[in-house]
Amino acid sequence: MTAPSVFCDVDGSYRGSDGEVHQGNYVNYTTFSLWDTYRAAHPLMTLIHPDRQEDIATTMLNIWREQGKLPVWHLMGCETNCMVGNPAIPVLADLVMKGLTTQGEQAFEAMKASAMLDERGLKLLKEYGYIPCDLFSDNETVGRGLEYALADWCVARVAQQLKKKSDQTYFDQRAQSYRKYFDPKTGFMRGLDSKGRYSFSSLSEDGQKASPSRGRLEEAFNPFHSAPKNRDYTEGNAWQYTWLVPHDVHGLVSLFGTKANAEQRFVSKLDSLFIVEGDLGEEAPPDISGLIGQYAHGNEPSHHVLYLYDYVGQPWKGAKLIRRTLRELYHNAPDGLSGNEDVGQMSAWYILSAMGIYQVEPAGGKYVFGTPLFPEVTLDVGNGKTFTIHTHDVSDQNIYIQGVRLNGKPYTRSFIMYKDIVSGGTLEFQMGPQPSAFGTNKKDRP
């Protein structure tokens, strides 16, 4: 709760991204660690700090006007261009979709303009439909491409809300670009060159390199090796990045096989993530931490993964792992976080998860259920309203949701929408020591 931080004087004046002093009639902010914080910190802020969101939106729109694009990683009014993707887009889209800003048209204009630039791999994305690893010198093309895809989905959703049909169609198509990186033979997201060949050769059944070509194609693909500067992922490896499709989880599931077996194969692969171990390589960054198998809770691209089980009707598997993460990877000491706090994201994940909810999709306010930690949590959602979460019979053993009631009525869905939370009321979880059928029916899944 120390960021975003106020970046204006008492009279509203601030130094803008263009180096000029501007006069504002709002609170101007800085310290936007957006690649980290769009995932949980900003969705949490929409619940507990709704009164600050219009000023955050205004700050972002003024940054766009002053530097020609929405912030990427803004610090002291300056663009650092640190990290990949267009991470301000999910934040701004979320505010538009939740009705927390009145500047929807300007926000859409800023999002579209930022997504249509020719910088940071976007020109190649527009030309090829993905970012070819042999044409982009900065690399990390899988990390960049997956982040752009989820941001493009957010642009499409705002276009849909504003009834801009041609823009919605265009950005929905771009949001599907994640499919290009998926290699069905290995079941991983992989770099792709301009000729449609996967980066690094695959191993044949006898363990030999298959179809070697040149450059990195002559090396064998290793899903454990993380991303030094000349590779395909951003602070992670193929095991961690294969799941970074929070905007289209069911579409991701479909890539794993036929209509008959895709979900089963997806679950099997997801189960493996929390078990498999391997050498990350000599150049692995320290960011890959807080490991459960290859799930890396110490870094942000993994943060939604525990909630993917809800989408395939097995929420009890997620509940067990979420409770383990809450208990083992957080504690109140100087080393009490399993990774970099990253301007609030690590703690925000804990707070939302301890409440029993998490926003998986990057915008729109669909909070997926996990395993609440406390008997009672009360949110002041503004306008004199409160939203109270009562969790009955919760304990270290009773971690599985048996049933849910919303405002006294039975509730069968394994998620709740933002509008239902901010309307005020009561959400009740009944907990038990064994998995139940709650959330297993397809009509009740997110």
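Worth saying up front: this structure is predicted, and the values here are computed from it rather than measured.

1. What about the overall build of the protein chain?
No. 1: Across its full length, the protein chain holds 16 helices and 18 strands.
No. 2: Here the C-alpha atoms of the protein chain give a radius of gyration of 22 Å, agreeing with the 22 Å that 2.2 N^0.38 yields for 446 residues.
No. 3: Overall, the C-alpha framework of the protein chain stretches about 65 × 60 × 50 Å when taken along its three principal axes.
No. 4: When the 446 residues of the protein chain are sorted by exposure, 60% land in the buried category.
No. 5: A separation of at least 24 residues holds for 66% of the contacts in the protein chain among residues at least 6 apart in sequence.
No. 6: Of the roughly 18300 Å² that the protein chain leaves accessible, carbon and sulfur atoms contribute 50%.
No. 7: Charge separation in the protein chain, taken as the distance between the mean sites of 44 positive and 53 negative side-chain charges, equals 8 Å.

2. A word on the packing of aromatic side chains
No. 1: Here the structure, examined in full by the defined rule, presents 20 aromatic pairs.
No. 2: Summarising the aromatic geometry, the rings of Y170 and F171 are spaced 4.9 Å apart at their centres and angled 80° between planes, so their arrangement reads as edge-to-face.
No. 3: Plain terms: the ring middles of F274 and Y295 are 5.5 Å apart, the flat faces sit at 45° to each other, and that makes the pair tilted. Highlighted residues: F274 in the loop between α12 (262-273) and β9 (291-292) and Y295 in strand β10 (residues 295-296), separated in sequence by 21 residues.
No. 4: Residue classification places F274 among the buried positions, given a relative accessible area of 10%.
No. 5: Through a chain of ring-to-ring contacts, three or more aromatic side chains come together here, namely F182, W243, F256 and F266.
No. 6: Its end group placed over the ring of F221, R190 keeps NZ or CZ at 4.1 Å from the ring centre.

3. A word on the sheet that holds strand β17 (residues 415-417)
No. 1: Taken in spatial order, the three strands of this open sheet run β11-β12-β17, and their pairing is antiparallel. Looking at strand neighbours, the two that pair on one side only are β11 (357-359) and β17, the edges of this open sheet. The mean angle between the axes of side-by-side strands here comes to 30°, regardless of whether they run parallel or antiparallel.
No. 2: Pairing of β11 with strand β12 (residues 366-369), which is carried by three bridges, proceeds in the antiparallel orientation.

4. Things to note about the state of the cysteines
What makes a disulfide is a covalent bond joining the sulfur atoms belonging to two cysteines.
No. 1: With the rule as written, the count across this model stands at zero disulfides.
No. 2: Among the cysteines around C78, which has no disulfide bond, C82 carries the closest sulfur, lying 14 Å off.
No. 3: C78 sits in the partly exposed class, given a relative accessible area of 46%.

5. Quick look at the pattern of salt bridges
No. 1: Under the criterion given, the structure shown has 18 salt bridges.
No. 2: Between R327 and D396 there is a salt bridge, with its nearest N and O atoms 2.8 Å apart. Of this pair, R327 sits in helix α14 (residues 315-328) while D396 sits in the loop between β14 (385-392) and β15 (400-406), placing them 69 residues apart in sequence.
No. 3: Under the relative-accessibility criterion, D396 is labelled exposed at 52%.

6. So, the nonpolar core
No. 1: With 127 residues, the main nonpolar core has F266, F274, F369 and I416 as its most contacted residues.
No. 2: With 12 residues, the single largest contributor to this core is helix α7 (residues 141-161).
No. 3: If near-sequence neighbours (up to four positions away) are discounted, I416 is found in contact with I357, G365, K366, Y367, F369, F387, L406, Y411, I421 and L427.

7. Side note on unusual backbone geometry
No. 1: Going from A3 to P4, the amide bond is cis rather than trans, its omega being 0°.
No. 2: With phi around 50°, R120 is a residue other than glycine that occupies positive phi space.
No. 3: With respect to the element layout, R120 can be found in the loop between α5 (104-115) and α6 (122-128).

8. Remarks on the environment of G16
No. 1: Tracing the chain through its elements places G16 in the loop between β2 (13-15) and β3 (21-23).
No. 2: As a C-alpha pair, G16 and N62 span 46 residues in sequence and 8.1 Å in three-dimensional space.
No. 3: Dropping the residues within four chain positions of it, G16 is found in contact with H22, E66 and G77.

9. Description of the sheet that holds β15
No. 1: Spatial strand order, β13-β14-β18-β15-β16: five strands in an open sheet with mixed pairing. Two strands lie at the open edges of the sheet, namely β13 (376-382) and β16 (409-411), each paired on one side alone. Direction aside, neighbouring strands of the sheet carry axes that sit 25° apart on average.
No. 2: The pairing of β14 with strand β18 (residues 425-432) spans six bridges and is classified as parallel. Residue pairing for β18: T388 is matched across the bridge by T426.

Thresholds applied
- Residues numbered from 1 in each chain as written.
- Predicted model: local features only at pLDDT ≥ 70, side-chain atom pairs only at ≥ 80, totals over all residues.
- Heavy atoms only, no water.
- Helix = DSSP H or I, 4+ residues; strand = E, 2+ residues; numbered from the N terminus.
- Rg over C-alpha atoms; globule rule 2.2 N^0.38 Å.
- Buried < 20%, exposed > 50% of the residue type's maximum accessible area, 1.4 Å probe, protein only.
- Contact = heavy atoms within 4.5 Å.
- Areas by Shrake-Rupley, 256 points an atom, 1.4 Å probe, with all protein chains shown as cover.
- Lys, Arg positive; Asp, Glu negative; His and termini not counted.
- Charge placed at Lys NZ, Arg CZ, Asp CG, Glu CD.
- Phe/Tyr/Trp six-rings, centres within 6.5 Å; stacked < 30°, edge-to-face > 60°.
- Lys NZ or Arg CZ within 6 Å of the ring centre and 35° of its normal.
- Pairing = 2+ DSSP bridges.
- Axes fitted to C-alpha atoms, helices over the stretch in contact; angles between N-to-C directions.
- Disulfide = S-S within 2.5 Å.
- Salt bridge = Lys/Arg side-chain N within 4 Å of Asp/Glu carboxyl O.
- Core = buried A, V, L, I, M, F, W, Y, C linked by side-chain atoms within 4.5 Å.

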